[in-house]
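So you can see what is in the structure, the chains are spelled out below.
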Amino acid sequence: MEVDNVHSLDRALSRARHAFHREEGTVHWDIYDLGEPGERTLVEIFADREAVARHDDSAAVASLLADLEGLRVDVLSAVEYTQLENTATENKQGELA
């Protein structure tokens, strides 16, 4: 990811952080830099399933997703990320066998 896009990504995530912290039912929402350009991990914790549903249906989520799409950022859920990691591990083990 180009440096300008990384800065744009960080600005979009910062705007989202401020919006999401104000949402009722948000227990924790933060961004973690993985040390690789343009790679970020988001951790979202909500009080209950209703808070998750309100969050997922919010204008703030729609705005963030539009920003990420405009930046051509790949968004992976925890499940998708785990599946990729498992596949990579299996491939690596296959190569070593």
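Parameters at a glance
- Residue indices follow the written sequence of each chain, beginning from 1 at its first position.
- The predicted origin of the model limits local features to residues at a pLDDT of at least 70 and limits the giving and counting of side-chain atom pairs to 80 or more, whereas totals for whole chains, interfaces and linings rest on all residues.
- Here the side-chain values reflect all heavy atoms present in the structure, with hydrogen atoms and water set aside.
- Elements are defined by DSSP. Helices are runs of H or I of four residues or more, strands are runs of E of two residues or more, and each kind is numbered from the N terminus.
- Each radius of gyration reported is based on C-alpha atoms, and the globular scaling rule is 2.2 Å times the count of residues to the power 0.38.
- Classification of residues uses two cut-offs on accessible area relative to the type maximum, computed with a 1.4 Å probe and protein chains only: under 20% is buried, over 50% is exposed, and between them is partly exposed.
- The method behind every accessible area is Shrake-Rupley, applied with a 1.4 Å probe, and residues are considered shielded solely by the protein chains displayed.
- Residues scored as charged are limited to Lys and Arg (positive) and Asp and Glu (negative), so that His and the chain ends carry no count.
- Note that the charge is assigned to NZ on lysines, CZ on arginines, CG on aspartates and CD on glutamates.
- Polar contacts here mean pairs of N or O atoms no more than 3.5 Å apart (in protein, one a potential hydrogen donor and the other a potential acceptor; neighbouring residues in sequence count only if both atoms are side-chain atoms).
- Should any heavy atoms of two residues lie within 4.5 Å, those residues are counted as being in contact.
- Buried Ala, Val, Leu, Ile, Met, Phe, Trp, Tyr and Cys residues that are joined via side-chain atoms within 4.5 Å together make up what is termed a nonpolar core.
- The term salt bridge refers to a side-chain nitrogen of Lys or Arg lying within 4 Å of a carboxyl oxygen of Asp or Glu.

Draft legend 1. Structural context of the overall build of the protein. Within the protein, the regular secondary structure consists of four helices and two strands. Along the protein, helices (α) and strands (β) appear in the sequence α-β-β-α-α-α when read from the amino end. Here the C-alpha radius of gyration of the protein, 16 Å, is well above what a compact globule of 97 residues would show, namely 13 Å. Judged by the C-alpha coordinates and their principal axes, the protein covers about 50 × 35 × 20 Å. Taken over 97 residues, the protein has a buried fraction of 22%. For the protein, the accessible area works out to roughly 7200 Å², and carbon and sulfur atoms hold 50% of it. Separation of charge centres in the protein, based on 9 positive and 21 negative side chains, amounts to 5 Å.

Draft legend 2. Representation of the side chain of His55. Along the chain, the position of His55 falls in helix H2 (residues 49–56). Its relative accessible area of 2% is what places His55 among the buried residues. Of the polar contacts made by the side chain of His55, one reaches the side chain of Glu23; its length is 2.6 Å. Here His55 is in contact with Phe20, Glu23, Trp29, Glu44, Phe46 and Val61, once residues within four sequence places are set aside.

Draft legend 3. Just the nonpolar core, in detail. One finds Leu9, Ala12, Leu13, Ala16, Phe20, Trp29, Ile31, Val61, Leu64, Leu68, Leu71 and Val73 forming the largest nonpolar core, which totals 12 residues. When contributions to this core are tallied by element, the ones reaching two or more residues are helix H1 (3–21), strand E1 (26–33) and helix H3 (59–70).

Draft legend 4. Looking closely at the pattern of salt bridges. Inspection of every chain in the model, using the stated rule, returns four salt bridges. For Asp30, the salt bridge goes to Arg17, with nearest N and O atoms at 2.9 Å. With a gap of 13 residues between them, Asp30 in strand E1 and Arg17 in helix H1 connect regions that are remote in the sequence. Residue Asp33 is joined to Arg40 by a salt bridge in which the shortest nitrogen-to-oxygen separation is 3.4 Å. In the salt-bridge network here, residues are joined through shared partners; they are Asp10, Asp33 and Arg40.

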